[in-house]
Amino acid sequence: MDFPSYYLDHVAGGRLIIGLIASLHVLINHPLAVGAYPILTFMEWWAHKHGRKDVDELAYKITFIVFIVTTTVGAMTGVGIWLSTSLFAPFAIGSLLRVFFWGWFMEWLVFISEVVLIMWWFLSWKKADTPEKKKKHIRIGLALSIMSWLTMALIVAVLGFMMKPGEWSQTRAFWDAMTNPLYLPQLGFRTFFALMTGAVFVWFSSFFFTKDTSRLEPKGQRLRKWLVYRLSHVVLVSLVMTLLFGNWYWHNVPEVMKANSAVALLSQQFMGWHSQFASLLGWTLGAFLVIAIAGLSFSSLVPRWALLIPSFMGIWLLGHFERAREFMRKPWVIGDYLYSNAVHKDELAFLQSEGLLKHATYVKHREVTEANRVECGQDIFMLACSRCHSTTGLNGVIEKFGLMYGDDKAWDSSGMLTFIQGMHQTRTFMPPFPGNEKEAQALVAYIQHLRTTREPLQGAQTIGIEAAPLPATAENHVTQQ
């Protein structure tokens, strides 16, 4: 309530942009930075130990791909997460910064170290032409692998905290926030999932540098067989560990959030497809199992196209996991502390009694009257609804009420009022309405007006900011002085 709203209607206020940037970042970070770097370091070490120059050459060629992707798109999307969350959800990132300032400071140092190490490792590869230089070069790769994992390990603490803060709810202590109940199971789940998908990526990439098996010389066939056999072990072990940690992770998710799982996985529209979705999830894990067993049994016969199946299904699984995790946390940004509309749990009863407009910074009016009802409703929508909903676009409120009351029928205002004031009881992912009775009526009036006009809602970046004078309380008088 203390920030002007940077709002993009039709894309759910900007939430979609945050989601797209974050998902792309994770899809690069997990398989490539966390998963592939340790595998490529292992290949370099093995090549040095056994005098296999062909393995070293292959590791260098694949590292070139990983180097380009992680230092361009990977790095830029990491910065993009900060930029987009600061614009569209400043209240959330601000609250998290107050808790995790030193954690993020450590993560920034680790990230800088990671960038330096990858540039040092890749650009000095060809210069490591003596046994002593090679040993030093392998140690750089090992340090890079640790730093890549450590970056994820620090961020996972924030992600787990947002869903289940644990002891922090009572102590407000930094280390209680870092070691929240979901930290270790989620870290284990992501670590082994990253290794599994990283192994499939290295495996798939290697086929472009070893060409068709039938045309290979015995030396080339030997190289491909060596790689496929070992990566099959990585995929198989990582799959088992992913399932074990995933099961531990799921059992630590709060029960009230598990109730959101059906909507989180598929959206309200497709909740009935839950069983088909479960089957698809099973087929995805089965694809990794089949490719791992095939690699162990027929190392030289697994075709390149067969790896596309677990690759694409792995991307689908990781992307969907991130979406479901974000949705299941609702109605919270920080579990049992801060609602998704920026209202603190401890402030809710006060705001419902006193009114939201009276204590918000950037609103046109402080009290609802007959003359300003629609304008007040628009401000209420911006404060209480726009973090997740658009007006007529993606996840639009007009569409939602149209599904409930019918697009071709009159919408009963008293029924809408009852729904808004009790929506959190029937839809567990919705926060309680944070205003008083008059403000709920104003919101209904705005939605009815919006249904007629379909005027898109503009953010502060377009129309500027407007702030009505604060009520003349003793505290505000001192502040204004």
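About the cut-offs
Residues numbered from 1 in each chain as written. Predicted model: local features only at pLDDT ≥ 70, side-chain atom pairs only at ≥ 80, totals over all residues. Heavy atoms only, no water. Axes fitted to C-alpha atoms, helices over the stretch in contact; angles between N-to-C directions. Helix = DSSP H or I, 4+ residues; strand = E, 2+ residues; numbered from the N terminus. Parallel < 35°, antiparallel > 145°, perpendicular 65-115°, else oblique. Left-handed = near helix turned anticlockwise from the far one by under 90°. Contact = heavy atoms within 4.5 Å. Nonpolar A, V, L, I, M, F, W, Y, C, P; charged D, E, K, R; others polar. Core = buried A, V, L, I, M, F, W, Y, C linked by side-chain atoms within 4.5 Å. Buried < 20%, exposed > 50% of the residue type's maximum accessible area, 1.4 Å probe, protein only. Polar contact = N/O pair within 3.5 Å; in protein donor to acceptor, adjacent residues only side chain to side chain. Patch = residues over 30% accessible without salt bridge, like charges linked within 9 Å, V, L, I, M, F, W, Y side chains within 5 Å. Areas by Shrake-Rupley, 256 points an atom, 1.4 Å probe, with all protein chains shown as cover. Salt bridge = Lys/Arg side-chain N within 4 Å of Asp/Glu carboxyl O. Phe/Tyr/Trp six-rings, centres within 6.5 Å; stacked < 30°, edge-to-face > 60°. Lys NZ or Arg CZ within 6 Å of the ring centre and 35° of its normal. UniProt positions renumbered as here; feature names shortened; annotations may be inferred. Disulfide = S-S within 2.5 Å.

**Overview of the packing of helix α2 (residues 53-88) against helix α7 (residues 183-210)**
Geometrically, a packed helix pair is captured by the angle between its two axes and the distance between the axes. Where α2 meets α7, the axes come as close as 10 Å, and the angle between the chain directions of the two elements is 115 degrees. Overall, the two elements α2 and α7 adopt an arrangement that is roughly perpendicular. In this structure, α2 crosses over α7, and the sense of that crossing is right-handed. On α7, the residues that touch Leu-58, Lys-61, Ile-62, Ile-65 and Val-66 of α2 are Phe-201, Val-202, Ser-205, Ser-206 and Phe-209. Here the contact of α2 with α7 is composed, by residue class, of seven nonpolar, two polar and one charged.

**Topic: the nonpolar core**
Grouped together as the largest cluster of nonpolar side chains are 97 residues, with contacts concentrated most on Leu-40 and Met-43. Counting residues per element, this core draws most heavily on helix α1 (residues 15-50), which supplies eleven residues. What Met-43 contacts, discounting residues up to four positions off in sequence, is Val-55, Leu-58, Ala-59, Val-202, Trp-226 and Leu-227. Counting 29 residues, the second largest nonpolar core, distinct from the first, contains Ile-93, Leu-96, Val-156 and Met-162.

**Quick word on the environment of Asp-9**
You can see Asp-9 is positioned in the segment before α1. A residue is classified by how much of its surface remains accessible, and Asp-9, at 11% relative accessible area, is buried. Ignoring anything within four residues of it in the chain, the contact list for Asp-9 reads Ser-390, Thr-391, Pro-456 and Leu-457. At a separation of 3.0 Å, a polar atom in the side chain of Asp-9 contacts the side chain of Tyr-7. Engagement of the side chain of Asp-9 in a polar contact is seen with the backbone nitrogen of Leu-457, the distance being 2.9 Å.

**Some thoughts on a nonpolar patch on the surface**
There is a patch of nonpolar side chains on the surface, built from Trp-82, Leu-97, Phe-101, Trp-102, Phe-105, Trp-108, Leu-109, Ile-112 and Val-116 and spanning about 880 Å² of accessible area. The element best represented in the nonpolar patch is helix α3 (residues 90-123), accounting for eight residues. Within the fold, Leu-109 resides in helix α3.

**Things to note about the pattern of salt bridges**
Taken as a whole and assessed by the stated rule, the structure comprises 14 salt bridges. A salt bridge links Glu-322 to Arg-190; its shortest N-O distance comes to 2.6 Å. In this pair, Glu-322 is assigned in helix α12 (residues 304-328) and Arg-190 in helix α7, connecting sequence segments 132 residues apart. Arg-190 shares its class with Glu-322; the two are buried. Ionic pairing is found between Arg-373 and Glu-370, a salt bridge with its closest N-O pair at 3.2 Å. Assessed through its relative accessible area of 27%, Arg-373 is described here as partly exposed. Of the residues examined, Glu-370 reaches a relative accessible area of 63% and is grouped as exposed.

**Some remarks on the packing of aromatic side chains**
Considering all chains together, one arrives at 33 aromatic pairs under this definition. Centre to centre, the rings of Phe-100 and Phe-174 are 6.4 Å apart; their planes meet at 70 degrees, and the pair counts as edge-to-face. Remark: Phe-174 occurs in helix α6 (residues 174-178) and Phe-100 occurs in helix α3; sequence separation between them is 74 residues. Seen from their ring centres, Phe-161 and Trp-168 are 4.9 Å apart, and the 85 degrees between their planes marks the pair as edge-to-face. You'll find Phe-161 and Trp-168 in the same group, each marked buried. Put simply, the rings of Trp-82, Phe-100, Trp-104, Phe-161, Trp-168, Phe-174, Trp-175 and Tyr-337 touch in pairs and so form one group of aromatic residues. The ring of Tyr-60 has Lys-126 sitting right over it, with the charged end atom 4.5 Å from the ring centre. Its guanidinium or amino end placed over the ring of Phe-207, Arg-224 lies 4.2 Å from that ring's centre, counting from NZ or CZ.

**Examining the UniProt feature "transmembrane region" (unreviewed entry) in the protein chain**
In the numbering used here, UniProt assigns the "transmembrane region" (unreviewed entry) feature to residues 12-37, 58-81, 101-122, 142-163, 183-210, 231-250, 280-299 and 305-321. In the segment residues 101-122, helix accounts for 100% and strand for 0%; the C-alpha atoms at its two ends are 32 Å apart.

**Remarks on the side chain of Asn-372**
By secondary structure assignment, the location of Asn-372 is in the loop between α13 (348-354) and α14 (373-384). Reaching out from Asn-372, the side chain makes a polar contact with the backbone nitrogen of Thr-369 at a distance of 2.7 Å. Residues contacting Asn-372, with those up to four places away along its chain left out, are His-365 and Glu-367.

**Points about the packing of helix α4 (residues 131-163) against α7**
At their nearest, the axes of α4 and α7 sit 9 Å apart, and the two run at 135 degrees to each other. In terms of their interaxial angle, α4 and α7 are classed as oblique. As for the relative orientation of α4 and α7, their crossing is right-handed in sense. Two secondary-structure elements touch here, α4 through Trp-149, Met-152, Ala-153, Val-156, Ala-157, Leu-159 and Gly-160 and α7 through Tyr-183, Gln-186, Leu-187, Arg-190 and Thr-191. Its residues assigned to classes, the contact of α4 with α7 comprises eight nonpolar, three polar and one charged.

**Structural notes on the state of the cysteines**
For the structure on display, the rule yields zero disulfides. Here Cys-376 stays free of any disulfide, with the sulfur of Cys-385 as its closest cysteine sulfur at 14 Å. With relative accessibility at 0%, the residue Cys-376 sits in the buried group.

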